[in-house]
Amino acid sequence: MKLANAFGLWTELNFALQAALIPTLKDVWRKPTIISHLSRTFMAHVWIAFASQVDANARTVKRELFLPNATGVVLDIGAGLGHGIQYLDGSKVTKYVAVEPNVRMHPELRRAAAAAGYLESDGTLIILSCGAEEVATILESLDSTIPAVDTITSVMSMCSIPSAEEALRGLVSRILKPGGQLLFYEHVLSPRKDVAWWQRLWAPLWQIFYDGCRLDCPTDVWIDEITDVDEHGEKLSVWSERKLWGVPGETEETVFHHVLGKFVKRGGKMLD
Ligand SMILES: C[S@@+](CC[C@H](N)C(=O)[O-])C[C@H]1O[C@@H](n2cnc3c(N)ncnc32)[C@H](O)[C@@H]1O
C-alpha cells in the first residue's frame with residue numbers, strides 16, 4: 001500500500017480536529033461532566049461539520065440499495081443526523097425506528113424525520129438513545145416480544161457497536177422478522193493483507209476520536225456467517241439470500257474499504 005494512501009487518514013483527522021476541537025472544548029467548559037464521554041461530544045461536532053459531504057459522496061450507491069428495498073418498519077442503526085431518511089420511500093416505509101446513542105444528534109434527526117413525514121406524535125417515528133447492542137431495550141420499545149422489524153439499515157455505524165458480532169446476531173435473531181432484510185453500507189476490514197495491516201494500526205487511535213468507530217471490523221464476514229438451527233438441530237445460514245458488493249470505482253488501497261450488503265432472513269421460526 002502506498003504511504004500516501006496509508007497516511008490519508010491523518011489528513012482527515014486534521015480536518016476533524018480543526019472543525020471539532022474548539023466546539024468540544026467549549027462544551028467541556030460549559031459542562032465539565034461531559035469529559036467522561038468526550039469522544040461522543042467530539043464525534044457529534046465532527047458529524048455536524050462533515051456528514052452532508054460524506055453522505056453526498058455515496059449518494060448514488062445508497063439510493064440504489066435502500067430506496068427500492070427498505071419496506072415496512074425500518075430500524076436504522078446509528079441514525080446520526082438522519083441522512084438515511086432521504087433514501088426511504090415514504091409510500092413503503094410505515095415506521096422509522098432510529099437507534100442513536102448520541103443524543104446531541106437527536107434534534108436534527110427528529111427534524112429530518114418530520115420533514116419526511118415521520119413523527120413521534122403519531123407513532124411513525126421512534127428515536128432510541130440506546131446502542132444497537134441493547135437488543136432487549138430495542139425490542140421493549142417496539143412493544144413486542146417477537147421480531148417486529150421488516151428492514152434493518154445501517155450506514156457506517158456497525159463499526160461503532162461494542163461487541164458488534166454478538167450484537168448483530170442478536171438484532172437479526174430477535175428483532176428482524178423472518179423474510180426481513182438487512183441492508184448496509186459499511187467500511188470493513190479489507191481483504192488485502194497490506195491494507196488490513198494499516199487498518200489495524202490506525203484503529204485504536206481512530207476509535208478514540210470517533211466514539212468507538214473501528215476501522216478493522218470484518219462486519220461483512222460476521223453478517224454472512226450468522227447461523228440458525230433447524231428443526232433437526234442442524235446449523236444453517238440464517239439467510240435465504242445474501243449479496244455483497246463493493247463500491248464501483250473505489251480504490252483497493254483505502255483504509256475505508258466500503259461494502260454494500262443486501263441480506264434476506266429465511267422465513268420460519270428461529271430456534272437459536
Ligand atoms: C459515521 S456515523 C453514521 C451516521 C448515519 N448512519 C449517517 O449515515 O449519516 C456513525 C453513527 O453511529 C452511532 N453509534 C455509535 N455507537 C453506536 C452504537 N453502539 N449503536 C448504534 N449506533 C452507534 C454514532 O453516534 C453515529 O451517529
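With an unreviewed UniProt entry as reference, the protein is termed S-adenosyl-L-methionine-dependent methyltransferase, source organism Lentinula guzmanii.

Visitor: What should I look at first to understand the packing of helix H3 (residues 38–57) against helix H8 (residues 193–209) in this one?
Guide: Helices that pack against each other are described as a pair by the angle of their axes relative to one another and the distance between those axes. In the contact formed by H3 and H8, the axes pass within 7 Å of each other and the chain directions differ by 80°. As the angle between them shows, H3 and H8 are arranged roughly perpendicular. Listed contacts from H8 to Ser39, Phe42 and Met43 of H3 are Gln207, Ile208 and Phe209. Across the contact of H3 with H8, the residue classes tally to 4 nonpolar, 2 polar and no charged.

Visitor: Explain the sheet that holds strand S2 (residues 93–99) here, please?
Guide: Hydrogen bonds between backbone groups are what pair the strands of a sheet, and the pairing can be parallel or antiparallel. An order of S3-S2-S1-S4-S5-S9-S8 is seen for the 7 strands of this open sheet, with the pairing classed as mixed. Looking at which strands have only one partner, the edges of the open sheet turn out to be strand S3 (125–128) and strand S8 (239–246). Averaged over all adjacent pairs, the angle separating strand axes in this sheet is 15°, with direction ignored. Pairing of S2 with S3, which is carried by 4 bridges, proceeds in the parallel orientation. Following the sheet pairing, alanine 98 is matched in S3 by isoleucine 127. Seen against the sheet, helix H5 (residues 106–115) touches S2 and S3 and runs at an angle of roughly 165° to S3. Against the sheet, helix H7 (residues 164–175) touches strand S1 (72–77), strand S4 (149–155), strand S5 (176–188), S8 and strand S9 (257–265), its axis set at about 155° to S5.

Visitor: For this particular structure, what's the right way to read the pattern of salt bridges?
Guide: Pairing between side chains becomes possible if they bear opposite charge and their charged atoms approach one another. With the rule as written, the count across this model stands at 15 salt bridges. Taking the shortest distance from any N to any O, the salt bridge between arginine 30 and aspartate 27 comes out at 2.9 Å. Note that arginine 30 and aspartate 27 are positioned in helix H2 (residues 8–30) at a spacing of 3 residues, about one turn of the helix. With relative accessibility at 9%, the residue aspartate 27 sits in the buried group. Salt-bridge contacts for aspartate 216 lead to arginine 214; the nearest nitrogen and oxygen are separated by 2.8 Å.

Visitor: Got a minute to help me understand the side chain of glutamine 199 in this structure?
Guide: The residue glutamine 199 is located in helix H8 in this model. Side-chain polar atoms of glutamine 199 contact the backbone oxygen of leucine 215, separated by 3.3 Å. Excluding residues that lie within four positions of it along the chain, glutamine 199 makes contacts with Val188, Leu189, Ser190, Leu215, Asp216, Val255 and His257.

Visitor: Sorry if this is basic, but what is going on with a nonpolar patch on the surface here?
Guide: Taken together, the side chains of Leu3, Phe7 and Trp10 make up a nonpolar region of the molecular surface, amounting to roughly 330 Å² of accessible area. With respect to the helices and strands, tryptophan 10 occurs in helix H2.

Visitor: Just checking my understanding: could you explain the layout of surface pockets for this structure?
Guide: Which parts of space are left empty comes out when a probe the size of a water molecule is rolled across the atoms. Taken as a whole, the second largest pocket holds about 150 Å³ of empty space. No other element matches H2, which puts 5 residues into the lining of the second largest pocket. When grouped by side-chain class, the residues that make up the lining of the second largest pocket number 9 nonpolar, 2 polar and no charged.

Visitor: I would appreciate a short explanation of the site of the ligand in the present structure.
Guide: Around the ligand sit 20 residues in total, of which Gly78, Glu100, Ala132, Glu133 and Val155 are the nearest. Glycine 78 is positioned such that a nitrogen or oxygen atom in its backbone is 2.7 Å from a nitrogen atom of the ligand. Within the side chain of serine 157, an N or O atom sits 3.4 Å from an oxygen atom of the ligand. When the free accessible area of the ligand is taken as 590 Å², the share hidden by the protein chains comes to 95%. Partitioning the shell around the ligand into residue classes produces 10 nonpolar, 7 polar and 3 charged.

What counts as what
- Sequence order as written defines the numbering, with residues in each chain counted from 1.
- Only residues with pLDDT of at least 70 get local features here, since the model is predicted, and only at 80 or more are side-chain atom pairs given and counted; chain-wide, interface and lining totals rely on the full set of residues.
- Side-chain measures were taken over the full set of non-hydrogen atoms in the model, leaving aside hydrogen atoms and water.
- Only C-alpha atoms enter the line fits that serve as axes; for helices the fit covers just the stretch in contact. Angles between N-to-C directions range over 0 to 180 degrees.
- Going along the chain from the N terminus, every DSSP run of H or I of four or more residues is numbered as a helix, and every run of E of two or more is numbered as a strand.
- Roughly parallel refers to an angle under 35 degrees, roughly antiparallel to one over 145, roughly perpendicular to one between 65 and 115, and oblique to any angle outside these ranges.
- Residues are treated as being in contact if the distance between any of their heavy atoms lies within 4.5 Å.
- For this classification, the nonpolar set comprises Ala, Val, Leu, Ile, Met, Phe, Trp, Tyr, Cys and Pro, the charged set comprises Asp, Glu, Lys and Arg, and every other residue, Gly included, is treated as polar.
- Any two strands between which DSSP finds at least two bridges are classified as paired.
- What counts as a salt bridge is simple: a side-chain nitrogen of Lys or Arg found within 4 Å of a carboxyl oxygen of Asp or Glu.
- The buried label applies to any residue whose accessible area, calculated with a 1.4 Å probe on protein chains only, is under 20% of its type's maximum; exposed applies above 50%, and partly exposed to all values in between.
- For the purposes of these results, a polar contact is taken to be a pair of N or O atoms within 3.5 Å, where, inside protein, one atom must be able to donate a hydrogen and its partner to accept one; residues adjacent in sequence count only when each atom of the pair is a side-chain atom.
- Patches draw on residues past 30% relative accessible area with no salt bridge. Two like charges within 9 Å are joined, as are two nonpolar side chains (Val, Leu, Ile, Met, Phe, Trp, Tyr) within 5 Å.
- For the area figures, the Shrake-Rupley method with a 1.4 Å probe applies, and any residue is considered shielded solely by the protein chains shown.
- A 1.4 Å probe that fits into a set of points on a 1 Å grid over the protein atoms alone but cannot get out defines a cavity; an open set with protein on both sides within 12 Å along at least five of seven lines defines a pocket, and lining residues are those with an atom within 4 Å of a point.
- Grid points are joined across faces, edges and corners, and a volume is the space filled by probe spheres set on the points.
- Near residues are defined by distance, with any heavy atom within 4 Å of the molecule or strand qualifying the residue.

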